Amino acid sequence: MMDESGKIYRYQNILTLLKQKELLTSKITHKKIELKNLQQKIKKSLYVVQRSEDEMDKIQKRRFELLLAIEKVEDEIALQQKSSSHNLSLNRLEFSKRDLLEAFKQVEVRSRTQINIINNAHNELERWEEKRHQKNILKLEQDDEYLELEKEYKILCEIFATVLSKEPFEF
């Protein structure tokens, strides 16, 4: 059998074309599944990033509140020292300041930890997005290859239809 451009199709050529089409269809299906899985991983990573950033906002808000409280206690201590009154009140204020400073240190540690978590979450997200990008490129290449095979497959089908319509059938 021969197409309009003069390409000859023999049994081996036809079989190879059909196997290539089947294999490429399988690869494209596999690539779609991989992309779907990557999309799920990206979605989870985005969720982790968002939660981490929300937690960081809470930590920063708590940090700011503690700074204000420390400043207020320091102002109270300064007033108490100027008035030289109630030594008991001054001791309570000093204990409060110490507690607030300890809480502030803990918030600072949480803040540094949260920064590491956010950085790791962003890195993971970037990694998944890069993989998705690479898989998308491969899928587009496979789609282009499939379109070329599909054109040849359709030509082959037309040739078969033409050959079969010209030959008499016996039943």
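Report on the accompanying structure. (Residues numbered from 1 in each chain as written. Predicted model: local features only at pLDDT ≥ 70, side-chain atom pairs only at ≥ 80, totals over all residues. Heavy atoms only, no water.)

**Quick word on the overall build of the chain**
Argument step 1. Summing up its helical and strand segments, the chain has 2 helices and 0 strands in all.
Argument step 2. Against the 2.2 N^0.38 benchmark of 16 Å for 171 residues, the chain shows a C-alpha radius of gyration of 36 Å, more extended than a compact globule.
Argument step 3. The dimensions of the chain, computed from C-alpha atoms along their principal axes, are 120 × 30 × 20 Å.
Argument step 4. Across the 171 residues in the chain, those meeting the buried criterion constitute 23%.
Argument step 5. Look at the contacts in the chain between residues 6 or more apart in sequence, and 82% of them connect residues 24 or more apart.
Argument step 6. A total of about 13100 Å² of accessible surface is found on the chain, and carbon and sulfur atoms cover 54% of it.
Argument step 7. Charged side chains of the chain number 32 positive and 31 negative; the gap between the two group centres comes to 5 Å. (Helix = DSSP H or I, 4+ residues; strand = E, 2+ residues; numbered from the N terminus. Rg over C-alpha atoms; globule rule 2.2 N^0.38 Å. Buried < 20%, exposed > 50% of the residue type's maximum accessible area, 1.4 Å probe, protein only. Contact = heavy atoms within 4.5 Å. Areas by Shrake-Rupley, 256 points an atom, 1.4 Å probe, with all protein chains shown as cover. Lys, Arg positive; Asp, Glu negative; His and termini not counted. Charge placed at Lys NZ, Arg CZ, Asp CG, Glu CD.)

**Let's talk about the packing of aromatic side chains**
Argument step 1. According to the stated counting rule, one finds 0 aromatic pairs in the structure shown.
Argument step 2. Residue placement shows Lys 21 over the ring face of Tyr 153; its charged tip is 4.5 Å from the ring centre.
Argument step 3. Over the face of the ring belonging to Trp 128 we find Arg 127, whose NZ or CZ atom lies 4.6 Å from the ring centre. (Phe/Tyr/Trp six-rings, centres within 6.5 Å; stacked < 30°, edge-to-face > 60°. Lys NZ or Arg CZ within 6 Å of the ring centre and 35° of its normal.)

**With respect to the nonpolar core**
Argument step 1. In terms of nonpolar packing, the biggest core is built from 11 residues, these being Ile 59, Leu 66, Ile 70, Val 73, Ile 77, Leu 90, Leu 93, Leu 100, Ala 103, Phe 104 and Val 107.
Argument step 2. The element best represented in this core is helix H2 (residues 87–166), accounting for 6 residues.
Argument step 3. Aside from chain neighbours lying at most four places away, what touches Leu 90 is Ile 77, Gln 80 and Gln 81.
Argument step 4. By size, the runner-up hydrophobic cluster in this structure holds 8 residues, among which are Leu 17, Leu 24, Ile 28 and Ile 159. (Core = buried A, V, L, I, M, F, W, Y, C linked by side-chain atoms within 4.5 Å.)

**Looking at the pattern of salt bridges**
Argument step 1. In this structure the tally under the stated criterion is 9 salt bridges.
Argument step 2. For Glu 34, the salt bridge is made with Lys 31, and the minimal N-O distance between the two is 3.2 Å. Remark: Lys 31 and Glu 34 occur in helix H1 (residues 11–83); sequence separation between them is 3 residues, near one turn of the helix.
Argument step 3. Here Arg 62 and Glu 65 are joined by a salt bridge, their closest N and O atoms 4.0 Å apart. In this pair, Arg 62 and Glu 65 both sit in helix H1, 3 residues apart, roughly one turn of the helix. (Salt bridge = Lys/Arg side-chain N within 4 Å of Asp/Glu carboxyl O.)

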